[in-house]
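Fold and geometry: a report
What follows is the residue order along each chain.
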Amino acid sequence: MIENYKEAFEKTRLAGTIASGALDEVAKIVKPGIKTDEIDKLCYEYINDHGAFSAPLFYRGFPKSCCTSSNHIVCHGIPSEKILKDGDIVNVDVTALKNGWHGDTSRTFEIGEVSIKAQKLVRTTYEAMMKSIKIIKEGIHLGDIGSVIQNHVEAEGFSVVRDFCGHGIGQKFHEKPNILHYGKPGAGEKIKSGMIFTIEPMINTGNFETKTLNDGWTAVTKDKSLSAQFEHTIGVTKDGCEVFTL
């Protein structure tokens, strides 16, 4: 909670605009045949060109400037020589650090012609995030956010990942509170104006269970089912919220 949050909002807005701008550029190049390393290079250069740093790079030893998580990878996929092919889905997660403040956002992209099920998964994940953002204002509970996401997702026959969550963000990349994407209305702490945090539901077509691979980063669905994610950084106001990463 930041007492004078006007400045915090201004700085987060700037970082968020750079992060979302990087994803706008990614949208122009993602197609069958592209390597995830090319996406990483573009994000690194775009963020750098706008006077910011890629926060994931070297964060706790992470080797790249963004995360590229395709198909059954839930999150923290490491860009590589891997070539995306027709029918894949891939989440690209970027965080810009500008003037000491972070803006964190991700989108799932469809590569070429994807299956009806994959299209529904991507659409449902985005809708769940946006529905939860619509209810945010001072005085609601963290559980209200998770409940909206969980209800929407499970009604469509999908599951909400439990092992990863949204988080407070600001001058630190990750801070309190944790924002669970499942829960019960009225549970958890009340949110206050001035809070800045991410909402980033990870949704699977199969079971919600995940496991982390031997690289220590890449999280995958245990049952190899598809996973999608979207993420925005938002700031809470008295009567609503501002999305910094549109």
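Before any of the text, the structure's been laid out above.
Below: a short report on this structure. Remember, predicted model here, so these are calculated numbers, not experimental data.

1. Observations concerning the nonpolar core
Within the largest apolar cluster, 28 residues are counted, with the highest numbers of intra-cluster contacts made by Ile 136, Ile 145, Ile 191, Phe 197 and Ile 199. Among the secondary structure elements, those contributing two or more residues to this core are helix H3 (116–135), helix H4 (142–155), strand S9 (196–199) and strand S14 (232–237). Ignoring anything within four residues of it in the chain, the contact list for Ile 199 reads Met 129, Ser 132, Ile 133, Ile 136, Ile 145, Ile 149, Ile 179, His 181, Phe 230, Glu 231 and His 232. One finds Leu 23, Val 26, Leu 42 and Cys 43 within the second-largest nonpolar core, a separate group that totals 21 residues.

2. What to know about the sheet that holds strand S12 (residues 219–221)
Pairing within the open sheet is antiparallel, and its three strands lie in the order S3-S12-S11. Each edge of the open sheet carries a strand with a single partner, namely strand S3 (73–75) and strand S11 (210–212). Taken pair by pair, the neighbouring strands of this sheet meet at an average axis angle of 40 degrees, ignoring direction. Pairing geometry for S3 and S12, over two bridges, is antiparallel.

3. Some words on the sheet that holds strand S6 (residues 159–160)
Strand order in the open sheet formed by three strands is S6-S10-S13, and the pairing between neighbours is antiparallel. This sheet does not close on itself; its edge strands, each paired only once, are S6 and strand S13 (227–229). Across two bridges, the pairing between S6 and strand S10 (residues 202–204) is antiparallel. Within S10, the residue paired with Ser 159 across the bridge is Asn 204. Here H3 sits on the sheet and contacts S10 and S13; the angle it forms with S13, its principal contact strand, is near 35 degrees.

4. Looking at the side chain of Thr 12
For Thr 12, the position within the fold is in helix H1 (residues 5–29). We classify Thr 12 as buried; its relative accessible area is 0%. Once you skip the residues sitting within four places of it in the chain, Thr 12 turns out to touch Trp 101, His 102, Ile 196, Thr 233 and Phe 244.

5. As for the pairing of strand S2 (residues 67–70)
The side-chain alternation of S2 yields two buried faces, one formed by Cys 67 and Ser 69 and the other by Thr 68 and Ser 70. Bridge count between S2 and strand S4 (residues 89–98): four bridges; the pairing is antiparallel. Residue pairing for S4: Ser 69 is matched across the bridge by Asn 91.

6. Concerning the side chain of Asp 144
For Asp 144, the location among the structural elements is in helix H4. The side chain of Asp 144 is buried and forms no salt bridge, while Lys 190, the nearest opposite charge, is found at 9.1 Å. Residues within four places of Asp 144 in sequence aside, it is in contact with Ile 135, Lys 184, Pro 185 and Gly 186.

7. Notes on the pairing of strand S8 (residues 175–179)
Along any regular strand the residues' side chains alternate between the sheet's two faces. In this structure, strand S7 (residues 166–168) lies alongside S8, joined through three bridges in antiparallel fashion. When the bridges of S8 are listed, His 167 appears paired with Asn 178. Taking the residues between adjacent antiparallel strands as the criterion, S7 and S8 are bridged by six residues.

8. Notes on the pattern of salt bridges
Counted according to the given criterion, the structure contains eleven salt bridges. The partner of Glu 7 in a salt bridge is Lys 11, with the nearest N and O atoms 2.9 Å apart. Here Glu 7 pairs with Lys 11, and both are found in helix H1, just four residues apart, close to one helical turn. With a relative accessible area of 28%, Lys 11 lands in the partly exposed category. For the salt bridge of Glu 127 with Arg 123, the shortest nitrogen-to-oxygen distance reads 3.9 Å. On the criterion of helical spacing, the pair formed by Glu 127 and Arg 123 is a turn pair, its members being four residues apart in helix H3. Given the relative accessible area of 27%, Glu 127 is considered partly exposed. For Arg 123, a relative accessible area of 45% gives the class partly exposed.

9. Focus on the packing of aromatic side chains
Inspection of every chain in the model, using the stated rule, returns five aromatic pairs. Considering the side-chain rings of Tyr 59 and Phe 173, the 4.8 Å spacing of their centres and the 55 degrees angle between planes classify their relative orientation as tilted. Of this pair, Tyr 59 sits in the loop between strand S1 (53–54) and S2 while Phe 173 sits in the loop between S7 and S8; the two residues are 114 residues apart in sequence, bridging distant segments of the chain. Among the residues examined, Phe 173 registers a relative accessible area of 10% and is labelled buried. Taken together, Tyr 5, Phe 9 and Phe 244 form an aromatic cluster joined through their ring pairs.

What counts, and at which threshold
- Residues numbered from 1 in each chain as written.
- Predicted model: local features only at pLDDT ≥ 70, side-chain atom pairs only at ≥ 80, totals over all residues.
- Heavy atoms only, no water.
- Core = buried A, V, L, I, M, F, W, Y, C linked by side-chain atoms within 4.5 Å.
- Buried < 20%, exposed > 50% of the residue type's maximum accessible area, 1.4 Å probe, protein only.
- Helix = DSSP H or I, 4+ residues; strand = E, 2+ residues; numbered from the N terminus.
- Contact = heavy atoms within 4.5 Å.
- Pairing = 2+ DSSP bridges.
- Axes fitted to C-alpha atoms, helices over the stretch in contact; angles between N-to-C directions.
- Lys, Arg positive; Asp, Glu negative; His and termini not counted.
- Salt bridge = Lys/Arg side-chain N within 4 Å of Asp/Glu carboxyl O.
- Phe/Tyr/Trp six-rings, centres within 6.5 Å; stacked < 30°, edge-to-face > 60°.

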